[in-house]
Amino acid sequence: MSKITKKEALKMRHARLRRKVAGTAAVPRLSVCRTGAHIYVQVINDDNGTTLASASTVEKAMREQKLAANVKSAQIIGRTIAERCKALNIETVVYDRGGFPYHGCIKALADAAREGGLKF
């Protein structure tokens, strides 16, 4: 019996979630990716495969603030994506945590987006 690595477990969780979660034009998908150094968020319409809005810690404005993959940065990114969605008249999204456990940065980002006015 072979052990499953953390990377394989993440891929399996993400595949399981993606079978259940899909974004449409009316209710797009809010997809989160977290690496060791950065946090990336996209609002995606899966019907035609387009990204409607995005935010990340690698953007010029965010780099100047010296943001990294931590809870404080996740809160800022969550508020930013909520503002950008409001500008596009997007109020409701489906949250895709990307296979990451729902705590720490992932939870902080979701909470900040909710506070910013997005509904999950």
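J.: Any chance you could explain the packing of aromatic side chains here in plain terms?
T.: Two aromatic rings are characterised by how far apart their centres lie and by the angle between their planes. On inspection of all chains with the given rule, the structure shows 2 aromatic pairs. Ring plane angle 85° and centroid distance 6.3 Å describe the contact between Tyr 95 and Tyr 102, whose orientation is recorded as edge-to-face. Tyr 95 gets classed as buried once you look at its relative accessible area, which sits at 16%. When its relative accessible area of 35% is taken as the criterion, Tyr 102 is described as partly exposed. Here the aromatic rings of Tyr 95 and Phe 120 are separated by 5.0 Å at their centres, their planes lie at 10°, and the arrangement is stacked. Of this pair, Tyr 95 sits in strand 4 (residues 94-96) while Phe 120 sits in the segment after helix 4 (105-115), and the two are 25 residues apart along the sequence. Residue classification places Phe 120 among the partly exposed residues on the basis of a relative accessible area of 34%. An aromatic cluster of three or more residues is present, and its members are Tyr 95, Tyr 102 and Phe 120.

J.: Would you mind going over the state of the cysteines with me for this structure?
T.: Working definition: the covalent bond between the sulfur atoms of two cysteines is a disulfide. For the structure shown, the criterion picks out 0 disulfides. A disulfide-free cysteine, Cys 85 has its sulfur positioned 17 Å from the sulfur of Cys 33, the nearest such atom. The buried category is assigned to Cys 85, whose relative accessible area is 0%. Cys 33 provides the cysteine sulfur closest to Cys 105, a residue in no disulfide bond, and the two sulfurs are 12 Å apart.

J.: Looking at this structure, I do not really get the environment of Val 58. What am I missing?
T.: Tracing the backbone shows Val 58 in the loop between strand 3 (50-56) and helix 2 (60-64). Between the C-alpha atoms of Val 58 and Ala 37, which are 21 residues apart in sequence, the distance is 9.5 Å. Discounting residues that sit within four places of it in the chain, Val 58 has contacts with His 38, Tyr 40 and Arg 63.

J.: So what exactly am I meant to see when it comes to the side chain of Asp 96 here?
T.: As for its position among the elements, Asp 96 is in strand 4. For Asp 96, a relative accessible area of 1% puts it in the buried group.

So, how was this worked out
Residues numbered from 1 in each chain as written. Predicted model: local features only at pLDDT ≥ 70, side-chain atom pairs only at ≥ 80, totals over all residues. Heavy atoms only, no water. Phe/Tyr/Trp six-rings, centres within 6.5 Å; stacked < 30°, edge-to-face > 60°. Buried < 20%, exposed > 50% of the residue type's maximum accessible area, 1.4 Å probe, protein only. Helix = DSSP H or I, 4+ residues; strand = E, 2+ residues; numbered from the N terminus. Disulfide = S-S within 2.5 Å. Contact = heavy atoms within 4.5 Å.

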